[in-house]
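Examining the three-dimensional arrangement
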Amino acid sequence: MNDTGRFMVGLIMSVILILMSVILIIAECIELWMFIIMNLLSILLIIAPVLTFRGTRISIDDDSITILAPFVNEIVEFGKMDSVSTCTILSYGRRVYGYNGKYYGSGTYSGGELGGYTRASDSRVPISILIIAGNRKILFNMKTLEETQRIYMEIKAHDGGKCIAPSAMGAHPRRAGSNSG
């Protein structure tokens, strides 16, 4: 089960446990200490999946790339990509839906340098990969700069030469392998 699925199951189980504890305390079938324990467990059911988020996972096959992250499940066919580039993002914008931790964010974002887009990236990694496919924009990176560059080169090998920098996107293009801004 992916990160999003585990989180949703935990959320549903948490709501069920809270409702059950409220019903039982109102019906006087449990004591206050049991009510408190049940509600603490319900909080744990939400927090545990968040603590186990695995970050961005990429799968590349002959005709598409799959990007999986908490609240992100994107499949992009290489033939439908308009452009692929590496870039440095100075402003991610506002999270509309998804997860936003201290360094890692994933889900749907709006505003910032890209407008509306899907994000699955770690801000500690100096570059991200930006895929534009029709009206979809997907920004992602891996846990390290080296992994991100390797994935970019794999995409470049599959995408038919569309790895170009988006000049009008507002993002700051950077060539893979470059250490300067």
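Residues numbered from 1 in each chain as written. Predicted model: local features only at pLDDT ≥ 70, side-chain atom pairs only at ≥ 80, totals over all residues. Heavy atoms only, no water.

Glancing now at the pairing of strand E5 (residues 94-100). Each regular strand carries side chains that alternate between the two faces of the sheet. As judged from the six bridges shared by E5 and strand E6 (residues 104-110), these two strands associate in the antiparallel manner. The partner of Tyr-97 across the bridge, within E6, is Thr-108. The turn linking E5 back onto E6 is made up of three residues. (Pairing = 2+ DSSP bridges. Helix = DSSP H or I, 4+ residues; strand = E, 2+ residues; numbered from the N terminus.)

The next thing to look at is the sheet that holds strand E1 (residues 57-60). Strands sit in the order E1-E2-E3 across an open sheet of three strands; the sheet is antiparallel. Looking at the sheet topology across the chains shown, the edges are occupied by E1 and strand E3 (72-77). Sheet twist, expressed as the average angle between the axes of neighbouring strands with direction ignored, equals 10°. One ladder, built from six bridges, connects strand E2 (residues 64-69) with E3; its direction is antiparallel. Residue pairing across strands places Thr-66 opposite Ile-75, the latter belonging to E3. Along the sheet face, helix H3 (residues 145-158) touches E1 and E2 and points at about 25° away from the line of E1. (Axes fitted to C-alpha atoms, helices over the stretch in contact; angles between N-to-C directions. Contact = heavy atoms within 4.5 Å.)

On to a nonpolar patch on the surface. On the surface, a nonpolar cluster with roughly 510 Å² of combined accessible area is contributed by Met-8, Leu-11, Val-15, Leu-19, Val-96 and Tyr-97. Elements supplying a minimum of two residues to the nonpolar patch: helix H1 (3-26) and E5. A total of four residues in the nonpolar patch trace back to one element, the largest contributor, which is H1. You can see Tyr-97 is positioned in strand E5. The partly exposed category is assigned to Tyr-97, whose relative accessible area is 42%. (Patch = residues over 30% accessible without salt bridge, like charges linked within 9 Å, V, L, I, M, F, W, Y side chains within 5 Å. Areas by Shrake-Rupley, 256 points an atom, 1.4 Å probe, with all protein chains shown as cover. Salt bridge = Lys/Arg side-chain N within 4 Å of Asp/Glu carboxyl O. Buried < 20%, exposed > 50% of the residue type's maximum accessible area, 1.4 Å probe, protein only.)

Moving on, we get to the nonpolar core. Ile-65, Ile-67, Met-81, Ile-129, Ile-131, Phe-140 and Ile-155 are the most contacted members of the largest nonpolar core, which totals 19 residues. Mapped onto this core, the elements with two or more residues apiece are E2, E3, strand E8 (128-133), strand E9 (136-140) and H3. If near-sequence neighbours (up to four positions away) are discounted, Ile-131 is found in contact with Ile-65, Ile-67, Val-76, Met-81, Ser-83, Val-84, Arg-136, Lys-137, Ile-138, Phe-140 and Ile-155. Ranked by size, the runner-up nonpolar core spans nine residues in total, among them Cys-87, Tyr-109, Leu-114 and Leu-139. (Core = buried A, V, L, I, M, F, W, Y, C linked by side-chain atoms within 4.5 Å.)

Scanning the model with the defined rule gives three salt bridges in all. Of the charged contacts in the structure, one is a salt bridge between Arg-136 and Glu-74, with a shortest N-O distance of 2.5 Å. Here Glu-74 lies in strand E3 and Arg-136 lies in strand E9, a separation of 62 residues in the sequence. Overall, Arg-136 belongs to the partly exposed group, its relative accessible area being 31%.

Quick look at a negative patch on the surface now. A cluster of acidic side chains, namely Asp-61, Asp-62, Asp-63 and Glu-77, defines a negative patch on the protein surface. By the secondary structure assignment, Asp-62 is in the loop between E1 and E2. Asp-62 sits in the exposed class, given a relative accessible area of 72%. (Lys, Arg positive; Asp, Glu negative; His and termini not counted. Charge placed at Lys NZ, Arg CZ, Asp CG, Glu CD.)

A few words on the confidence of the model for the protein. Of the residues in the protein, 84% have a pLDDT of 70 or more, and the chain-wide mean is 83. Confidence drops under a pLDDT of 50 for residues 165-170, and excluding neighbours within four residues, the segment shows 11 contacts in the predicted structure. Within the model, pLDDT remains below 50 along residues 172-181, and this stretch shows 23 contacts once partners closer than five positions in the same chain are excluded. (pLDDT = per-residue confidence, 0-100.)

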